[in-house]
Amino acid sequence: FELTYPEGALDAAARSKLIERLTSVLLEAERAPETDLTRAITWAYVHELPRDRVFTGAQPVSAPIFRVDVTTPAGVLSDRSARARGVGGEFMAKVW
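Here is a short report on the structure shown in this document. All values derive from a computational prediction rather than experimental measurement.

1. Examining the overall build of the protein chain
Helix and strand counts for the protein chain stand at four helices and five strands. Starting at the N terminus, the α and β elements of the protein chain follow one another as β-α-α-β-β-β-β-α-α. Expressed as a percentage of its 96 residues, the buried residues of the protein chain come to 25%. Relative to all contacts within the protein chain whose residues are 6 or more apart in sequence, the contacts with residues 24 or more apart total 72%. Accessible area of the protein chain: about 6400 Å², with a carbon and sulfur share of 54%.

2. Here's the deal with a nonpolar patch on the surface
Residues Leu37, Ile41, Trp43 and Tyr45 make up a contiguous nonpolar surface patch of roughly 510 Å² in combined accessible area. If you trace the backbone, Ile41 turns up in the loop between helix 2 (36–40) and strand 2 (45–49). By relative accessible area, Ile41 is classed as exposed at 60%.

3. As for the packing of aromatic side chains
On inspection of all chains with the given rule, the structure shows one aromatic pair. Between Tyr5 and Phe66, the aromatic rings sit 5.7 Å apart at their centres with planes inclined by 35°, giving tilted as the arrangement. Here the residue Tyr5 occupies a position in strand 1 (residues 2–6), and Phe66 occupies one in the loop between strand 4 (59–60) and strand 5 (67–69), the gap between them amounting to 61 residues. Note on Tyr5: relative accessible area 1%, which makes it buried.

4. Remarks on helix 1 (residues 12–29)
Residues three or four positions apart in an α-helix share a direction because the helix packs 3.6 residues into each turn. Its 18 residues give helix 1 an end-to-end C-alpha distance of 26 Å, which sits within 8% of 26 Å, the value for a rise of 1.5 Å per residue. When we look at burial in helix 1, the residues that qualify are Leu18, Ile19, Leu22, Thr23, Ser24, Val25, Leu26, Leu27 and Ala29. Of the residues flanking the start of helix 1, the one acting as N-cap is Asp11, its side-chain oxygen 3.2 Å from the backbone nitrogen of Ala13.

5. Here we look at the sheet that holds strand 5
With respect to topology, three strands assemble into an open sheet ordered 2-1-5, the strand pairing being mixed. Since the sheet does not close on itself, it has two edges, and those belong to strand 2 and strand 5, each with one partner. Each neighbouring strand pair of the sheet contributes to a mean axis angle of 15°, computed without reference to strand direction. Pairing geometry for strand 1 and strand 5, over three bridges, is antiparallel. What sits directly across from Glu2, in strand 5, is Asp69.

6. Things to note about the environment of Ala63
Structurally, the position occupied by Ala63 is in the loop between strand 4 and strand 5. On the basis of relative accessible area, Ala63 is assigned to the partly exposed category, the value being 44%. Sequence separation of Ala63 and Arg51 is twelve residues, and the distance between their C-alpha atoms is 9.8 Å.

About the criteria used
- Residues numbered from 1 in each chain as written.
- Predicted model: local features only at pLDDT ≥ 70, side-chain atom pairs only at ≥ 80, totals over all residues.
- Heavy atoms only, no water.
- Helix = DSSP H or I, 4+ residues; strand = E, 2+ residues; numbered from the N terminus.
- Buried < 20%, exposed > 50% of the residue type's maximum accessible area, 1.4 Å probe, protein only.
- Contact = heavy atoms within 4.5 Å.
- Areas by Shrake-Rupley, 256 points an atom, 1.4 Å probe, with all protein chains shown as cover.
- Patch = residues over 30% accessible without salt bridge, like charges linked within 9 Å, V, L, I, M, F, W, Y side chains within 5 Å.
- Salt bridge = Lys/Arg side-chain N within 4 Å of Asp/Glu carboxyl O.
- Phe/Tyr/Trp six-rings, centres within 6.5 Å; stacked < 30°, edge-to-face > 60°.
- Expected span 1.5 Å × (residues − 1).
- Polar contact = N/O pair within 3.5 Å; in protein donor to acceptor, adjacent residues only side chain to side chain.
- Pairing = 2+ DSSP bridges.
- Axes fitted to C-alpha atoms, helices over the stretch in contact; angles between N-to-C directions.

Structure (C-alpha cells):
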C-alpha cells in the first residue's frame, strides 16, 4: 500500500503506529493470516509531501489529509468481494 500525507502531519512514532495498523487491517481484509511471512510481503511506501504540494479545492490544505492506495495481487481482493465485505469504509474505520 501507499500512504501519502503533508509533511508534519505525523511524527515518526505516529507514522510507525499507522503503518502497523494499516498492515494488520489490510491482511484482515485479504483474509490472510497475520504471520511473519505475510507481514514480510506486505509492502508500504510512505510519501510525505511538502505542505505546499497538497491541495483541496485548488487551495493548499489547512488541515492534514491522507491518501491510502491499496494494491493486491490479482484475485486476492476483487472489487466484488471487497464490496460484499464492506472493505473501504470498514478499512478506514478500523484504522482511525
